[in-house]
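Listed below are the residues making up each chain.
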Amino acid sequence: MPKKIIIPKKTQMLGQAPADRINNFNEVTWGYTEEQAMAEAGRCMECARPGCIEGCPVNINIPGFIKLVAEGDFRAAVNLVKETNALPAITGRVCPQEGQCEGLCALGKKHEPVGIGNLERFVADWEALQGNLHVPIIAPATGKKVAVAGSGPAGLTVAAELARSGHSVTVFEALHEAGGVLAYGIPEFRLPKAIVRREVEFVCSLGVRLVRDFIVGNTATVDELLEEFDAVFLGTGAGLPWFLGIAGENLAGVYSANEYLTRSNLMKAYRFPEYDTPIAHGRRVITIGGGNVAMDAARTALRLGAQESIIVYRRTRNEMPARLEEIRHAEEEGIVFELLTTPVAFHGADGRVTEAECIRNKLGKPDASGRSRPVPVSNSNFCIAADIVVIAVGQSPSPLIHRTTPDIDIGRAGAVAVDEKTMKTSKKGVFAGGDVATGGATVILAMGQAKIASRAIAEYLRTGEW
Amino acid sequence: MYRIQKKQILSDTVKLMEVNAPQVARKARAGQFVMVRTREESERIPLTIADYDKDAQTITLVIQGVGKSTMEMCRLNAGDEFATVSGPLGQPTKIENFGTVLCIAGGVGIALLYPIARELKAAGNRIITIIGVRTKGMLFWEERMQSVSNVMIITTDDGSYGRKGVVTEPLKELLEERGDIAHVWAIGPAIMMKFIAETTRPFNIPTIVSLNTIMIDGTGMCGSCRVLTDDGPKFVCVDGPEFDAHKVDWNNMMQRLEFYRDEEQAALEHWRHKCQMDAAAAGVKEKDA
Ligand SMILES: Cc1cc2nc3c(=O)[nH]c(=O)nc-3n(C[C@H](O)[C@H](O)[C@H](O)COP(=O)(O)OP(=O)(O)OC[C@H]3O[C@@H](n4cnc5c(N)ncnc54)[C@H](O)[C@@H]3O)c2cc1C
Ligand SMILES: Cc1cc2nc3c(=O)[nH]c(=O)nc-3n(C[C@H](O)[C@H](O)[C@H](O)COP(=O)(O)OP(=O)(O)OC[C@H]3O[C@@H](n4cnc5c(N)ncnc54)[C@H](O)[C@@H]3O)c2cc1C
Ligand code: SF4
Ligand code: SF4
Ligand code: FES
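Predicted model only: the values in this text are computed from it and were never measured. (Residues numbered from 1 in each chain as written. Chains lettered and ligands numbered in written order. Predicted model: local features only at pLDDT ≥ 70, side-chain atom pairs only at ≥ 80, totals over all residues. Heavy atoms only, no water.)

## So, the overall build of chain B
Next up, step 1: The helix and strand tally for chain B stands at nine helices and 17 strands.
Next up, step 2: Here the C-alpha radius of gyration of chain B, 20 Å, is about what a compact globule of 289 residues would show, namely 19 Å.
Next up, step 3: With respect to the three principal axes, the spread of C-alpha positions in chain B is 70 × 45 × 45 Å.
Next up, step 4: Classification of the 289 residues of chain B by burial places 55% in the buried group.
Next up, step 5: Long-range contacts, defined here as pairs at least 24 residues apart, represent 65% of the contacts in chain B between residues at least 6 apart.
Next up, step 6: Total accessible area on chain B is roughly 12400 Å²; 49% of this is exposed by carbon and sulfur atoms. (Helix = DSSP H or I, 4+ residues; strand = E, 2+ residues; numbered from the N terminus. Rg over C-alpha atoms; globule rule 2.2 N^0.38 Å. Buried < 20%, exposed > 50% of the residue type's maximum accessible area, 1.4 Å probe, protein only. Contact = heavy atoms within 4.5 Å. Areas by Shrake-Rupley, 256 points an atom, 1.4 Å probe, with all protein chains shown as cover.)

## Let's talk about the sheet that holds strand 1 (residues 2-9) of chain B
Residue and element names in this part refer to chain B.
Next up, step 1: Judged by pairing direction, the sheet is antiparallel, and its five strands sit side by side in the order 5-6-2-1-7 without closing on themselves. In the strand order of this sheet, the two ends are held by strand 5 (51-53) and strand 7 (81-82), each with one partner.
Next up, step 2: Relative to strand 6 (residues 58-64), strand 2 (residues 14-20) runs antiparallel, the two sharing seven bridges. Paired with valine 14 across the strands is glutamine 64, a residue of strand 6.
Next up, step 3: Across the sheet, helix 2 (residues 68-75) touches strand 1, strand 2, strand 6 and strand 7, and the angle it forms with strand 6 is around 125 degrees. (Pairing = 2+ DSSP bridges. Axes fitted to C-alpha atoms, helices over the stretch in contact; angles between N-to-C directions.)

## Remarks on the UniProt feature "domain: Dihydroprymidine dehydrogenase" (unreviewed entry) in chain A
Next up, step 1: As annotated by UniProt and renumbered to match this structure, "domain: Dihydroprymidine dehydrogenase" (unreviewed entry) occupies residues 21-128 of chain A.
Next up, step 2: Secondary structure over residues 21-128 of chain A splits into 50% helix and 3% strand, and the C-alpha atoms at its two ends are 24 Å apart. (UniProt positions renumbered as here; feature names shortened; annotations may be inferred.)

## Here's the deal with the site of ligand 4
Next up, step 1: All residues in the neighbourhood of ligand 4 are listed as Cys44, Met45, Cys47, Pro50, Cys52, Pro63, Cys105, Ala106, Val114 and Ile116 of chain A.
Next up, step 2: Classifying every residue of the shell around ligand 4 gives 10 nonpolar, no polar and no charged. (Near = heavy atom within 4 Å. Nonpolar A, V, L, I, M, F, W, Y, C, P; charged D, E, K, R; others polar.)

## Description of the nonpolar core
Next up, step 1: With 43 residues, the main nonpolar core has Ile90, Val158, Val169, Phe233 and Ile457 of chain A as its most contacted residues.
Next up, step 2: If you list the elements that add at least two residues to this core, you get helix 6 (88-94), strand 3 (145-149), helix 8 (153-164), strand 4 (168-172), helix 10 (193-205), strand 6 (231-234) and helix 17 (443-463) of chain A.
Next up, step 3: When residues of this core are assigned to their parent elements, the largest contribution, nine residues, is made by helix 17 of chain A.
Next up, step 4: Composition of this core by domain shows at least three residues from each of domain 1 (18-130) and domain 2 (145-239 + 396-463) of chain A.
Next up, step 5: Beyond its immediate sequence surroundings of up to four residues, isoleucine 457 of chain A is in contact with Val146, Val158, Leu162, Ala231, Phe233 and Phe431 of chain A.
Next up, step 6: Counting residues in each nonpolar core, the second largest holds 36 residues, with Ile181, Ala197, Phe235 and Val238 of chain B among its members. (Core = buried A, V, L, I, M, F, W, Y, C linked by side-chain atoms within 4.5 Å. Domains from an automatic or database assignment.)

## Quick notes on the packing of helix 12 (residues 257-266) of chain A against helix 13 (residues 292-303) of chain A
All names here are of chain A.
Next up, step 1: Contact pair helix 12 / helix 13: the axes reach a minimum separation of 10 Å and the direction vectors enclose 50 degrees. In this view, helix 12 runs oblique relative to helix 13, as classed from their interaxial angle. The two elements helix 12 and helix 13 cross, and the hand of that crossing is left-handed. On helix 13, the residues touching Ala257, Tyr260, Leu261 and Ser264 of helix 12 are Val293, Asp296, Ala297, Thr300 and Ala301. (Parallel < 35°, antiparallel > 145°, perpendicular 65-115°, else oblique. Left-handed = near helix turned anticlockwise from the far one by under 90°.)

## A few points about the UniProt feature "domain: FAD/NAD(P)-binding" (unreviewed entry) in chain A
Next up, step 1: Taking the UniProt record as the reference, the feature "domain: FAD/NAD(P)-binding" (unreviewed entry) is found at residues 144-450 of chain A.
Next up, step 2: Helix makes up 27% of residues 144-450 of chain A and strand 25%. Its end C-alpha atoms lie 18 Å apart.

## Here's the deal with the packing of aromatic side chains
Next up, step 1: Taken as a whole and judged by the stated rule, the model has 16 aromatic pairs over all chains.
Next up, step 2: Centroid distance tyrosine 255 of chain A to tyrosine 260 of chain A: 5.2 Å. Interplanar angle 65 degrees. Geometry classified as edge-to-face. Both residues of the pair, tyrosine 255 of chain A and tyrosine 260 of chain A, belong to the buried class.
Next up, step 3: When the ring of tyrosine 255 of chain A is compared with that of phenylalanine 259 of chain B, the centres are 6.4 Å apart and the planes differ by 70 degrees; the resulting orientation is edge-to-face. One end of the pair, tyrosine 255 of chain A, is in strand 8 (residues 254-256); the other, phenylalanine 259 of chain B, is in the loop between helix 8 (250-257) and helix 9 (261-288), on a second chain.
Next up, step 4: Members of the aromatic cluster, joined through ring pairs, are Tyr255 and Tyr260 of chain A together with Phe259 and Tyr260 of chain B.
Next up, step 5: A cation over a ring is seen here: arginine 144 of chain B above tyrosine 114 of chain B, with NZ or CZ 5.3 Å from the ring centre. (Phe/Tyr/Trp six-rings, centres within 6.5 Å; stacked < 30°, edge-to-face > 60°. Lys NZ or Arg CZ within 6 Å of the ring centre and 35° of its normal.)

## Here we look at the interface of chain B and chain A
Next up, step 1: On the chain A side, the residues contacting the 48 residues of chain B number 46 residues.
Next up, step 2: Between chain B and chain A the total buried area reaches about 3700 Å² when both faces are included, carbon and sulfur atoms providing 54% of it.
Next up, step 3: Ranking the residues of chain B by area buried against chain A places Met221, Arg226 and Phe259 of chain B at the top, with a combined share of 19%.
Next up, step 4: The tally of links from chain B across to chain A stands at four salt bridges. (Buried area = accessible area lost by both parts, 1.4 Å probe. Salt bridge = Lys/Arg side-chain N within 4 Å of Asp/Glu carboxyl O.)

## A look at the pairing of strand 8 (residues 84-89) of chain B
Residues and elements named next belong to chain B.
Next up, step 1: In terms of burial, strand 8 is largely enclosed, as six of its six residues are buried.
Next up, step 2: Relative to strand 8, strand 3 (residues 33-37) runs antiparallel, the two sharing four bridges. Each residue of the ladder has a partner; that of methionine 35, found in strand 8, is serine 86.

## Quick word on the UniProt feature "binding site: FAD" (unreviewed entry) in chain B
All names here are of chain B.
Next up, step 1: Sites flagged by UniProt as "binding site: FAD" (unreviewed entry) map to Val62, Ile63 and Gln64.
Next up, step 2: Within the fold, valine 62 resides in strand 6.
Next up, step 3: For valine 62, a relative accessible area of 5% puts it in the buried group.
Next up, step 4: Leave out the neighbours within four places in its chain, and valine 62 touches Leu10, Val14, Lys15, Leu16, Ala50, Val108 and Ala111.
Next up, step 5: Tracing the backbone through its elements, the reader meets glutamine 64 in strand 6.
Next up, step 6: The contacts of glutamine 64, once residues within four sequence positions are left out, are Thr13, Val14, Thr70, Cys74, Val108 and Met138.

## Thoughts on the domain arrangement of chain A
Residues and elements named next belong to chain A.
Next up, step 1: Domain annotation for chain A reports domain 1 (18-130), domain 2 (145-239 + 396-463) and domain 3 (243-393).
Next up, step 2: Each of domain 2 and domain 3 has a C-alpha centre, and these two points are 30 Å apart.
Next up, step 3: Taken together, the 12 residues of domain 2 in the interface contact 14 residues of domain 3.
Next up, step 4: Between domain 2 and domain 3, the buried area comes to about 1100 Å², and carbon and sulfur atoms account for 55% of it.
Next up, step 5: When the buried area of domain 2 at its contact with domain 3 is split by residue, Tyr184, Phe189 and Arg190 rank highest and sum to 52% of it.
Next up, step 6: There are two salt bridges connecting domain 2 and domain 3.
Next up, step 7: The partner of arginine 190 in a salt bridge is glutamate 326, and the shortest N-O contact between them spans 3.5 Å.
Next up, step 8: For the pair domain 2 and domain 3, the interface holds five residue pairs in polar contact (both at pLDDT 80 or more). (Polar contact = N/O pair within 3.5 Å; in protein donor to acceptor, adjacent residues only side chain to side chain.)

In structure tokens form, the structure reads like this:
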């Protein structure tokens, strides 16, 4: 292989300046131009044993598609990506690349890794611009019917895979809009909703029937679905928000991140009163947590007009689970980080929150997650004034389905117990995958599990064997 | 889309609508509710399933216009459609034979209590009803309520009909006079339910209320509807909507209900202005034609 000249820095995507973007909900970054994409693709060393593929949960042929980008054959590049990943426009934007593909990129050992996520996003956006989405071949109808509960990345992936193999698929979604967290959780400025709608339309174009306003468990139980369908896939996510269980948490003005983001994203409260759903426009907003959800909430607060948006996180920046890019964008936008800090109570006046009482921590020994445990420093209490508090400390699967279908076993932290090789649950004919099986995880993991489930469902439909 | 099959005017502010919603009608039970959205831009509004008809595939909604969203709904007519009707949500009412049950309704609560009173009666209970309205013009379904009640008392704030005063006065008298009241059921504005809870508490009589907190999804994923109870924080949409009135932290619930008062006012003004503009524009068009 000819020796390459190494370019140490990743090609940066252009985008809105921080001072501008905090005043609107438009996407922050604009993506690569064709020239930028080809230049970035040129940085790849085409490794013989590419670590990047190993780091990708769905094992995309990364050097393969990057080579095609470098050669300017974007059509072939996107087709290659789509062989293993149906939603590249989304994963390219939201995957935690630094912990996955880019984390294992050989170039990253000494320099910045190849911008794999940016390139993936580029080829997907390029394809969308061409207009003529290439429609895959659909196998002849099998006569088998599958019900999918939930239209997040897991549900959409299973629906698309099974529809392609000729099965008749119906997706039941509790909300009035499909897409799961992609629609209600992740803000427009990070993942434009037009992209989500495009992917949903694509899945429907494969013959998948989408039924909205349908809460599996309530509108029909899993057992009732099994009377009509040959198999059921649960892709209902992890929608139950966690609270801290501290004093003052029920004061008006204390939101779960799910509520705050659902109001803004799904219900378009940022366009109130053109849209009816209100959201409080705090002047000082505190967000508790250090993951993507917390970054999304804190940055939404800025865009809703907050003068100060403060993130309170119990460990240090190094332990924050959010994507690096989100932390960087949040810092650029002027979000204040109160690190090594834990709220212990919220105080209010007339029933409305006015401040968060916090305690400082120091880092102790690593805990089960391998990250250093925060240890409270006694007598370090102090207060941060706030008119809005958003709690973004995690979520777990909703007990809604379990309550009506007790023979689906529940495992750790409220997640549906599955056999990870097949995603089978304890109930015959019922499979599960994505956040409902893992607890809050990532889009690409949800899709990876959905793939495994699709193969097992197809096998079950063929043989009838459990 | 969910078509309105029939509309009936119950009072100036309260309208009844039969809505085509086969998937809800099939599963609905008394005490459950639906989330309803009028248009693409509308908020999701929780409304009780006042009645349902599996064969006709319809559910009955009774809507009181109190703010922008419900007033806009009240203006819809037969043939119009709702963008969203999802459910049934929440826990169904647990009907038992308790003996003598006191049912109390205020405002739109009359329509919501009626199916519960009917089922309680069918289960063998003796039913005493107290209905409270501000003024006579807001009363509806008097005969219907009478038909499921052994005793019925009506109060109006202004004395224009029945007894002058609020529902807690006859309630207190009944509790003092009769020793046979086993259960109290109350549906109405939060403030009314709070005072009913305070009235029955010293008598130690189990009191069930249907809470009307602010909701978004109605499926347990946002926590907007949470209330504090003696058993810890609860989500009204999945753990309720019915709760033991004596365990609810009423002040906290009412403070949370008030949170968007300024925004609600702004929404109402924005909408009224838009309606006027639309009407004016329509007027101009007519003149042009
Ligand atoms: C604010 C936020 C930001 C995030 N950012 C990132 C990120 O940057 N990168 C990343 O990889 N991951 C991110 N995640 C995590 C990621 O979104 C999830 O891991 C992923 O969406 C899980 O997919 P899923 O299909 O399992 O479930 P979901 O996306 O949660 O979809 C589940 C769907 O099922 C529906 N549903 C639930 N119950 C029922 C029922 N009973 N009947 C019918 N339908 C039902 C829900 O309404 C929902 O539409 C983020 C999550 C949040 C909340
Ligand atoms: C489970 C449940 C079942 C319900 N069933 C019915 C029903 O069958 N018929 C019906 O007419 N209403 C019902 N409600 C109440 C109804 O949802 C509210 O009246 C409605 O959301 C108000 O919206 P709005 O935009 O019209 O008014 P807003 O502009 O939001 O509010 C106007 C005024 O009403 C008060 N208010 C706000 N939200 C509520 C609320 N949830 N309950 C009471 N007052 C409120 C506000 O404090 C304000 O003063 C129910 C509520 C719940 C939670
Ligand atoms: S799907 Fe995610 S992990 Fe895989 S290559 Fe794309 S960005 Fe990287
Ligand atoms: S590890 Fe990095 S440099 Fe090597 S093939 Fe993958 S992307 Fe290219
Ligand atoms: S309305 Fe969202 S959790 Fe109850």
